[in-house]
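# Coordinate inspection notes
Chain by chain, the residues run as shown.
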Amino acid sequence: IPLAEQTGLILPLGRHILHTACEQLVRWSRQQETAHLSVAVNVSARQFRHSGFAAEVLQTLRETGANPRRLKLELTESLLLGDIEDTIERMVQLKREGVGFALDDFGTGYSSLSYLKRLPLHELKIDRSFVINLPFDNNDVAIVKMIISMAATLDLQVVAEGVETAEQAQFLRQQGCHSLQGYYFSKPMSPEEWLNDARSLIWN
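Residues numbered from 1 in each chain as written. Predicted model: local features only at pLDDT ≥ 70, side-chain atom pairs only at ≥ 80, totals over all residues. Heavy atoms only, no water.

## Some remarks on the side chain of Glu 74
Following the sequence through the fold, Glu 74 ends up in strand β2 (residues 71–76). For Glu 74, a relative accessible area of 7% corresponds to the buried category. Discounting chain neighbours no more than four positions away, the residues touching Glu 74 are Ala 40, Val 41, Asn 42, Val 43, Ala 102, Asp 104 and Lys 125. (Helix = DSSP H or I, 4+ residues; strand = E, 2+ residues; numbered from the N terminus. Buried < 20%, exposed > 50% of the residue type's maximum accessible area, 1.4 Å probe, protein only. Contact = heavy atoms within 4.5 Å.)

Have a look at this one:
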């Protein structure tokens, strides 16, 4: 990803990934058992700051017919180093059309609470660096509890990244974080593999 950003390839790559995600949303929308699913797409700072980014997202949604309310864009805290007013304006433009936003790797970068309350976010994602030593590291325990509490106060959903053990999952759920992702549940898989796996869990 850093190399793609340095060379400028992140722009066509990002467009391709977004288009692929929207096409997947359309395929899921055609089946009752998957119509409720959403897709989160990581967006790099360079991609987001591109002058035509918001227009490209909306055009992709129109071309594919994907429901914008099923699309979530995951942004990194490095965006807050740039023109914050421009960032907010682009986010608001897309949010008006139904697109959701998550702040990825929260707590590792440049978040300012004054910015946080202004950003039209739906979700905070707790970085795996705070999760990996749960529930045994007192500092990580304190940080995770604070993030979960703050998210609740701001009426934001919270997701924990990098969950790899039952102890981590149990602790996070006890603290009120019920959206978890990581190898404890599954390694990455294709949509078809995931759907087959989900069906087997339901039927069994």
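Moving on, there is more to tell.
## Notes on the nonpolar core
Counting 54 residues, the largest nonpolar core has Leu 71, Leu 73, Leu 94, Leu 121, Leu 124 and Leu 172 as its most contacted members. For Leu 71, the contacting residues outside a window of four places in its chain are Leu 18, Cys 22, Leu 25, Val 39, Val 41, Val 57, Leu 61, Val 99 and Gly 100. (Core = buried A, V, L, I, M, F, W, Y, C linked by side-chain atoms within 4.5 Å.)

## Some thoughts on the packing of aromatic side chains
This model, assessed by the stated rule, comprises 3 aromatic pairs. Judged by centre distance (5.0 Å) and plane angle (75°), the rings of Tyr 184 and Phe 185 are edge-to-face. By relative accessible area, which is 38% here, Tyr 184 ends up partly exposed. (Phe/Tyr/Trp six-rings, centres within 6.5 Å; stacked < 30°, edge-to-face > 60°.)

## A look at the layout of surface pockets
To find leftover empty space, one rolls a probe the size of a water molecule over the atoms. Within this model, the largest pocket holds a volume of roughly 1600 Å³. Every residue lining the largest pocket is counted, 36 residues in all, and those nearest its centre are Ser 38, Ala 40, Gln 181, Met 189 and Trp 194. At the level of secondary structure, the elements contributing two or more residues to the lining of the largest pocket comprise α2 (10–29), β1 (39–43), β2, β4 (123–126), β6 (179–180) and α10 (191–203). Split by residue class, the lining of the largest pocket holds 17 nonpolar, 10 polar and 9 charged. Space inside the second largest pocket adds up to approximately 360 Å³. (1 Å grid on protein atoms, 1.4 Å probe; cavity = no way out; pocket = protein on both sides within 12 Å on 5 of 7 lines; lining within 4 Å. Points joined across faces, edges and corners; volume = space filled by probe spheres on them. Nonpolar A, V, L, I, M, F, W, Y, C, P; charged D, E, K, R; others polar.)

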